[in-house]
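# What the coordinates show
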Amino acid sequence: MKDKVVIFDTTLRDGEQAPGCSLNLVEKIEIAKQLNKLNVDVIEAGYPVSSKVQFDAVQRIADAVDTVVAGLARTVEKDVKAAYDALKHADTFRIHTFAGTSDIHMMGKFGSDRYGKTLEEKRQHILKLSCDAVALAKTYTNDVEFSPEDAGRTDIGYLSEIVEAVIAAGATTVNIPDTTGYTMPLEFGAKIAELKSRVSNIDDAVISVHCHNDLGLAVANSLSAVSNGARQVECTINGIGERAGNASLEEIAMAIKVREDLWDVETNINTSEIFNASRMVSSFTGMVVQPNKAIVGENAFAHESGIHQDGMLKDNKTYEIMDPEVVGVQESKIVLGRHSGRHGLISRLKAIGFDPSEEELNSIYERFLELADKKKEVFDDDLRLLMGQEVAQKDYRHFLDYLHVNIGTTTIPTATVRIKSNEKLVEESATGDGPVDACFNAIDRALNSKFHIESYQVRSVTVGRSAQGEAHLRLKNGTKSFSGRGVSTDIVEASAMAYLQAINEYSIQGEVEELLDAVTAP
Ligand code: KIV
Ligand code: ZN
């Protein structure tokens, strides 16, 4: 029997911290369900104390899946309590508490004298806070994880001391994060080996690792740690996460599977769900997977040169170390079109990881027919985008009902929009520097709003001349940012939809009361 490596997925927590990535509640639940199908062992669903949105997400996800769900908490009483409150209705759950332990974190984050005057005083203070937080979490659940943040740069003597203390206080998993992606694989592996030999009670806890990818070594470091005794790996789908991201789940799982001849460990991952998970995360977050990304990139199984194609035709093992089907990449010959029935649509949706209810299917089918009228062939990626829009819109209040744009080389761009806002129709026109600007101005007039747009991108997401364009934008209000995404065969319409989606996100987060009042006032 091989040892199990616990796969702790943090796509919905650390992954969501990636710049430009934001998921709404419904999208998070849909991703959590897919992680459930992927058979990850733990889903870190968010950081409950940080906002109501995060709290609700953790609570709802714990409700929606049968995987162990974890909530993050600083070593602060109110954080640990909030994590418990969000998770308490689940059968089993984990509280994950963390504190910075490197000298840089001590002197920076814990620089104030209230944490102690000298480095040693600060270290002892943090150690006590950590043990108290673990002990408190332990009164709520048996499953408690502690992370000494920036362990990669933490002095090994102090790291061993705090790890031993938190295990004595009740931690069942001790996670060793390389928070800044600074370490080298041999160095990080040696750190795990050293902890194993220095910490007297280490066998009472699972050693976990959490590696960031700043030097492109997150997966190598995680695997090196596993070689040295780590039995949990924290990772994200497509490797999304803070800065350069986290260790990629699909790369860890497949490295262990493809080289099972070398490993005395295995994971529980249902690898045939990897591709669906990757596409769903990419489509909901708008974070494009680089074409040459290992396992899930568009080119991961493409063979371009004649010599390679010839070799593949003779024996696909010549240039492929894994079958694409093993990670769920299907050579789909099924393309839907305007004559496809509901049955064809539902079976394709199921094949790519969605399971819509009867009511959802009615609305998706209508939108599918509209799309099939605009473009002859509807591919799997079109369906993912359609589902993404469907999922995103569940809680929305403002919808684009009509759009007309007037442009030309010598005309002033003008847009007219009609928006269905809380069941009322509001129509407005405006001019702008270009058709997109005119649309945004018209929407602002209709909703009596004005937002600063932080970023705006348009790209083509499906293939051919009738490819769908996806617009992605982030708007800012005060210190908060809200993302929106729109997809259409018309990129101006996609942009208007993206702008409205970001406004909807803003409204959902409860900060647009005046705006809503203005719109809905008789
Ligand atoms: O990178 C990190 O150190 C983290 C911790 C909260 C585990 O994300
Ligand atoms: Zn992290």
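Okay, so let's go over this structure. (Residues numbered from 1 in each chain as written. Chains lettered and ligands numbered in written order. Predicted model: local features only at pLDDT ≥ 70, side-chain atom pairs only at ≥ 80, totals over all residues. Heavy atoms only, no water.)

### Considering helix α5 (residues 119-140)
Helical periodicity: at 3.6 residues per turn, an α-helix aligns residues three or four positions apart in one direction. The criterion, for reference: A run of H or I in DSSP counts as a helix once it spans at least four residues, and a run of E counts as a strand once it spans at least two, with each numbered from the N terminus. Multiplying 1.5 Å by the residue count of a helix minus one yields the expected span of that helix. Accessibility here uses a 1.4 Å probe with only protein chains present; expressed as a share of the type maximum, an area under 20% marks a residue as buried, one over 50% as exposed, and anything in between as partly exposed. Starting at the helix axis, one direction is taken to each C-beta atom, and the arc is that of these directions. Contacts are residue-level and defined by heavy atoms, with any inter-residue pair within 4.5 Å sufficient.
Relative to the 32 Å expected for 22 residues at 1.5 Å per residue, α5 spans 32 Å between its end C-alpha atoms, a close match to the ideal helical length. Within α5, the full set of buried residues consists of Lys122, Arg123, Ile126, Leu127, Ser130, Cys131, Ala133, Val134 and Ala137. Across the axial projection of α5, the buried residues extend over an arc of 165 degrees, all falling on one side. Of the exposed residues in α5, the ones pointing more than 90 degrees away from its buried face are Lys128 and Thr139. In this structure, the buried side of α5 is in contact with α3 (77-87), β5 (93-100), α4 (103-108), β6 (144-149) and α6 (156-169).

### Remarks on the packing of aromatic side chains
Selection criterion: Aromatic pairs are defined between Phe, Tyr and Trp rings, using the six-membered ring for Trp, whenever the two ring centres lie within 6.5 Å; interplanar angles under 30 degrees are classed as stacked, those over 60 as edge-to-face, and all others as tilted.
According to the stated counting rule, one finds nine aromatic pairs in the structure shown. Ring geometry for Phe110 against Tyr115: centres 5.0 Å apart, planes inclined by 65 degrees, an arrangement best described as edge-to-face. Across the pair, exposure class does not vary: Phe110 and Tyr115 are buried alike. Members of the aromatic cluster, joined through ring pairs, are Tyr84, Phe93 and Tyr140.

### A few points about the packing of α3 against α5
Note the following rule: The axes used here are C-alpha line fits, helices contributing only the stretch in contact, and every angle between their N-to-C directions lies in the interval 0 to 180 degrees. Here is the rule for angles: anything less than 35 degrees is roughly parallel, anything more than 145 is roughly antiparallel, 65 through 115 is roughly perpendicular, and the remaining ranges are oblique. Crossings are sorted by hand: turned counterclockwise from the far helix by less than a right angle, the near helix makes the crossing left-handed, and turned clockwise it makes it right-handed.
Two elements in contact, α3 and α5, have axes whose closest approach is 10 Å; the angle formed by their N-to-C orientations is 20 degrees. Taken together, the axis directions place α3 and α5 in an arrangement best described as roughly parallel. As for how α3 packs across α5, the hand of that crossing is right-handed. Of α5, the residues touching α3 (which contributes Glu77, Val80, Lys81 and Tyr84) are Ala133, Leu136, Ala137 and Tyr140.

### Quick notes on the pairing of strand β15 (residues 469-477)
Which entries qualify depends on this criterion: In this scheme, strands are said to pair when DSSP sees at least two bridges between them.
Sheet topology places strand β14 (residues 452-460) next to β15; eight bridges connect them, and they run antiparallel. Bridged to Val458 within β15 is Ala471. Bridging between β15 and strand β16 (residues 480-488) involves nine bridges; their strand directions are antiparallel. When the sheet's bridge partners are listed, Asn477 is paired in β16 with Lys480.

### A few points about the coordination of the zinc ion (ligand 2)
Just so we agree on the cut-off: Each metal site lists N, O and S donors within 2.8 Å (3.2 Å for Na, K and Ca). With water left out of the atoms, a site can look as if it is missing ligands.
Surrounding the zinc ion (ligand 2) are the protein donor atoms Asp14 (OD), His210 (NE2) and His212 (NE2), at 2.0 to 2.1 Å. All donors to the zinc ion (ligand 2) come from one chain, and their sequence spacing reads D-x195-H-x1-H. Of this pair, Asp14 sits in the loop between β2 (6-9) and α1 (25-38) while His210 is found in strand β8 (residues 206-211), placing the two residues 196 residues apart along the sequence. On the basis of relative accessibility, which here comes to 5%, the residue His210 falls in the buried class.

### Focus: unusual backbone geometry
Phi angles above zero are rare outside glycine, and Arg243 is one such case at about 50 degrees. Structurally, Arg243 is set in the loop between β9 (232-235) and α9 (249-258). When its relative accessible area of 45% is taken as the criterion, Arg243 is described as partly exposed. Even without glycine at this site, Glu423 takes up a positive phi of about 70 degrees.

### What about the nonpolar core?
Convention followed: The term nonpolar core refers to a set of buried residues drawn from Ala, Val, Leu, Ile, Met, Phe, Trp, Tyr and Cys, joined through side-chain atoms within 4.5 Å. By convention here, the domain bounds are inherited from an automatic or database domain assignment.
Among the nonpolar cores identified, the biggest contains 110 residues, and Leu38, Val163, Ile176, Val209, Leu345 and Leu383 are the most heavily contacted of them. A total of eight residues in this core trace back to one element, the largest contributor, which is α6. Counting residues domain by domain, this core receives three or more from each of domain 1 (3-285) and domain 2 (302-391). Every residue in contact with Leu383, bar those within four places of it in the chain, is listed here: Leu336, Leu345, Arg348, Leu349, Ile352, Phe368 and Val378. The next biggest cluster of nonpolar side chains, apart from the first, holds 27 residues, and it includes Ile419, Ala438, Ile443 and Ile503.

### Thoughts on the sheet that holds strand β13 (residues 424-431)
If you trace the three strands from one edge of the open sheet to the other, you get β11-β12-β13, paired in antiparallel fashion. At either end of the open sheet lies a strand with only one pairing partner, and these are β11 (398-406) and β13. Between one strand axis and the next, the sheet turns through 15 degrees on average, direction left out of account. The sheet contacts of helix α16 (residues 491-508) involve β11 and β12 (414-421), and relative to β11 the element is tilted by about 150 degrees.

### Here's the deal with the state of the cysteines
Applied cut-off: Count a disulfide wherever a pair of cysteine sulfur atoms falls within 2.5 Å.
The tally for this structure, following the rule as stated, stands at zero disulfides. Cysteine Cys211 is unpaired, with the sulfur of Cys235 as its nearest cysteine sulfur at 10 Å.

### Looking at the pattern of salt bridges
The following threshold applies: The salt bridge criterion pairs a side-chain nitrogen of Lys or Arg with a carboxyl oxygen of Asp or Glu, the two atoms within 4 Å.
Enumeration over the complete set of coordinates arrives at 35 salt bridges. Residue Arg485 is joined to Glu27 by a salt bridge in which the shortest nitrogen-to-oxygen separation is 2.9 Å. With Arg485 in strand β16 and Glu27 in helix α1, the pair connects residues that are 458 residues apart, well separated along the chain. As far as the burial class goes, Arg485 and Glu27 line up, both buried. Residues Lys420 and Glu423 are paired through a salt bridge, measuring 4.0 Å at the closest nitrogen-oxygen approach. One continuous salt-bridge network, built from bridges that share partners, spans Arg13, Asp14 and Glu44.

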